[in-house]
Each structure stands twice: as structure tokens, then as C-alpha cells.
Amino acid sequence: MKLSEHLKEVDGSIAEIILLVADRAREIKKAFLTHNFNSNTKNMFGERQLELDKWADKLLIDALRRSKLVRAVASEEQSSIVEIVKSKGELGVVLDPLDGVSSVATNLSVGTIAGIFNEGNVLEKGNKMDAAMYILYGPLTTLVYSAKQGVHEFVLNHDNEFVLRKENITLPEGNIYSPGGLAIDYVDEHRQFISQLESEGYKLRYSGSFTADFQQILTYGGVFSYPSLKEKPDGKLRLLFEANPMSFIIEQAGGRGSDGVQRILDIAPKAIDHRVPLYIGGNKPIELVEHFFRGDVV
Ligand code: AHG
Ligand code: MN
Ligand code: MN
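Everything numeric here is computed off the predicted structure, so don't read it as measured data.

(A) Molecular detail of the sheet that holds strand β14 (residues 256-258). Read across the open sheet, the 5 strands follow the order β12-β11-β13-β15-β14; overall the sheet is mixed. Each having just a single partner strand, β12 (203-204) and β14 make up the two edges of the open sheet. As paired strands, strand β13 (residues 222-226) and strand β15 (residues 278-281) are joined by 4 bridges and run antiparallel to one another. Paired with V223 across the two strands is G281, which belongs to β15. Against the sheet, helix α7 (residues 239-252) makes contact with β14 and β15, and its axis sits at roughly 25 degrees relative to β15, the strand it touches most.

Here is the structure:
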């Protein structure tokens, strides 16, 4: 089944945005050959941008603008919210145009992440989000979306069509752990959590590309973490562009997203560059890490 047919069950404007991002993803996939070099600019997080980051950002924002369905876009590569004044539509879209760019040089998988709000306020709690999606550019190009009716995966086939690969994905109870951040910078609660996972036989798999690591957790089960660190108490990952869309998807698949203390989707963003410590995966490991942060005896 084609993505467009599957989306017939989904609200019209949201379905159009999912298809629009899917369309642009076909172009982004080709641009890894042509736009793979450093630019001389940095984004609002002080990270050097790849030409690909900027190119993919423009490609997606231009397409969202042309759709006339979107009122506001917040992107990891833009230092302020992009307001689309002439739009008739009311949607809000949050974007990580390219996630895991350090993996471009090593030819590992990278992604595109998006979240969609029916009401155009993008500086909003994730629990107000109406749909989320990501594309993973790996050996296969796959697209995962949820619009609150399950989590579904599609694959780009020989005819350049996204066709259904897995429907109604549920998170298995697996034992993969993906620990971001330097171990010497771990805070005590996180160190205890990681030790406990290791003593329970969890297997380490970390690529440095959140989308790829997330996909691994969604497939095999377990937990991804990018914790609060001594030098970076808020961690690294961004609430709007990374933590929220993926927490939306993991919850729809039966798992949880937490900052160690509270549900990610209940955190009110203070600004577009709001970062959060992130634990995302199965209920069991998330409960375990929350025990450590609450100071409970496990
Ligand atoms: P981005 O490429 O959008 O800037 O995101 C990079 C993120 C994420 O993909 C990954 O989980 C994390 O940064 C990796 O950080 P480390 O290099 O510290 O492991
Ligand atoms: Mn990212
Ligand atoms: Mn990015």
C-alpha cells in the first residue's frame, strides 16, 4: 500500500504535510552525493552546519511555505520561528532537517525529523502535537509516521514510492541500550542506571545518529539516552526538534519518553533552543531511570 493511500485515514492537512516531507526526502537522499561539505556558518547551538543541513532546511521550509497550510515553522537550523504570514492554514511544524550529520562523513544512517501541530503554535508542549514522523536514510530509505492511530513504517521502492513495510508497530521488550554523552561526565543517577542496565545484560549499540539509534530501539527494544551531564546539565538534544517528535512516536508504539523525572511531552518549552536530558524507549528501563532520579531504592 502506498503512503498516500494509508494517509486517507488521517486529517487532510496533516496528511498533506506528511506527503510533502516524504517528497522532499526523495531529494534529500540524492543530495548526499552533491551537498556533502562543510559550510562556514554555525547554527544557534554553535554547531558548524554542513551545506546539507542548510540546503535541506531551505528545501523543507520553502515547500511548507508553498503548501499554504502552515502558519509557523521552528527548525533546528533557524534562530527564530519562521512565521508564514500569508498562509491560509493554521498548522505548526517543527523540524530537524538533517539529524545525525556527523554520520554523513562515515556513511552511516542519518534522518529527517518532523512534528506537526494542528494549531500553529510551535512553542507548545509535545502533548499538543497531532502527528510526528521521521525518515531514515540508510541501506533503505524508510519513513515512520504516527498521527495518533498507531505507528507505521514505509520504504522507498524501485519506483520511488513509499510503500507500507510495517503497520501498527509496537515496541518490543528488548535489551539494547544507546548511551549518549561522555561517561566521565555522567551524573551519579545516570551512572547507576547504566550500571544496572549492564548488570542486566543490556547490549550497547550507539551510532551517534539519534534517528538511527531510535530506529534500533523501536525495532529491537531497549532504551536510548542522552543524559544531563556535569558540563551540560540540560544534555544535548533539543526538546522541539528531537525529543518531542520521537517521544510522540514512542508513546504511540507503547513506550515512554522522559527527562529522568517527567514525561517529555509535558515539558513546556522555554525557547526554541530548549534542550532536555532524554531517556526514550521501553517502560521498564524508563521506570528504572526515574527510580534513580527520584532517589528510590531499587
Ligand atoms: P544533529 O545532527 O541534528 O545536530 O543531531 C546530532 C545529535 C543526535 O543525532 C545524536 O544522538 C547526538 O547529536 C550525537 O551526539 P554525540 O556526538 O555527542 O554522541
Ligand atoms: Mn538532530
Ligand atoms: Mn540537525
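(B) Up close: helix α2 (residues 12-31). Under the 1.5 Å per step criterion, the end-to-end length of α2 is 29 Å for 20 residues, consistent within 8% with the ideal 28 Å. Within α2, burial applies to I14, A15, I17, I18, L20, V21, A22, R24, A25, R26, I28 and A31.

(C) Representation of the packing of helix α5 (residues 188-199) against helix α8 (residues 283-294) within the structure. Where α5 contacts α8, the axes come no closer than 9 Å and their chain directions differ by 140 degrees. By crossing handedness, the relation of α5 to α8 is classed as right-handed. Between α5, through E189, H190, Q192, F193, Q196 and L197, and α8, the contact on the second element is made entirely by P285, L288, V289, F292 and F293.

(D) Region of the structure containing the packing of α2 against helix α3 (residues 51-67). Where α2 contacts α3, the axes come no closer than 10 Å and their chain directions differ by 150 degrees. As judged from the angle between their axes, α2 and α3 are roughly antiparallel. The chirality of how α2 crosses α3 is right-handed. Within the contact between the two elements, α2 uses I17, L20, V21, R24, E27, I28 and A31 and α3 uses L52, W55, A56, L59, L60, A63, L64, R66 and S67.

(E) Looking closely at the coordination of the manganese ion (ligand 3). Looking at the manganese ion (ligand 3), one finds its protein donor set to be E76 (OE), D96 (OD) and L98 (O), positioned 2.1 to 2.2 Å from the metal centre. Sequence positions of the residues that donate to the manganese ion (ligand 3) give the spacing E-x19-D-x1-L.

(F) Summary view of the coordination of the manganese ion (ligand 2). Binding of the manganese ion (ligand 2) to the protein goes through D96 (OD), D99 (OD) and E242 (OE), at separations of 1.8 to 2.1 Å. Read from N- to C-terminus, the donor residues coordinating the manganese ion (ligand 2) fall into the pattern D-x2-D-x142-E. The metal-metal distance between the manganese ion (ligand 2) and the manganese ion (ligand 3) comes to 3.7 Å, with D96 coordinating both. You can see D99 sitting in strand β5 (residues 91-99) and its partner E242 sitting in helix α7, a full 143 residues away along the chain. In terms of burial, D99 and E242 fall into one category: buried.

(G) Region of interest: empty space enclosed by the protein. A complete count under the given rule lists 1 cavity of 30 Å³ or more for this structure. Quantified by volume, the largest cavity comes out at close to 30 Å³. What lines the largest cavity is simply E153, K166, I169, Q215, L218 and T219. For the lining of the largest cavity, a count of residues per class yields 2 nonpolar, 2 polar and 2 charged.

Calculation notes
Residues numbered from 1 in each chain as written. Chains lettered and ligands numbered in written order. Predicted model: local features only at pLDDT ≥ 70, side-chain atom pairs only at ≥ 80, totals over all residues. Heavy atoms only, no water. Pairing = 2+ DSSP bridges. Helix = DSSP H or I, 4+ residues; strand = E, 2+ residues; numbered from the N terminus. Contact = heavy atoms within 4.5 Å. Axes fitted to C-alpha atoms, helices over the stretch in contact; angles between N-to-C directions. Expected span 1.5 Å × (residues − 1). Buried < 20%, exposed > 50% of the residue type's maximum accessible area, 1.4 Å probe, protein only. Left-handed = near helix turned anticlockwise from the far one by under 90°. Parallel < 35°, antiparallel > 145°, perpendicular 65-115°, else oblique. Donors = N, O, S within 2.8 Å, 3.2 Å for Na, K, Ca; no water. 1 Å grid on protein atoms, 1.4 Å probe; cavity = no way out; pocket = protein on both sides within 12 Å on 5 of 7 lines; lining within 4 Å. Points joined across faces, edges and corners; volume = space filled by probe spheres on them. Nonpolar A, V, L, I, M, F, W, Y, C, P; charged D, E, K, R; others polar.

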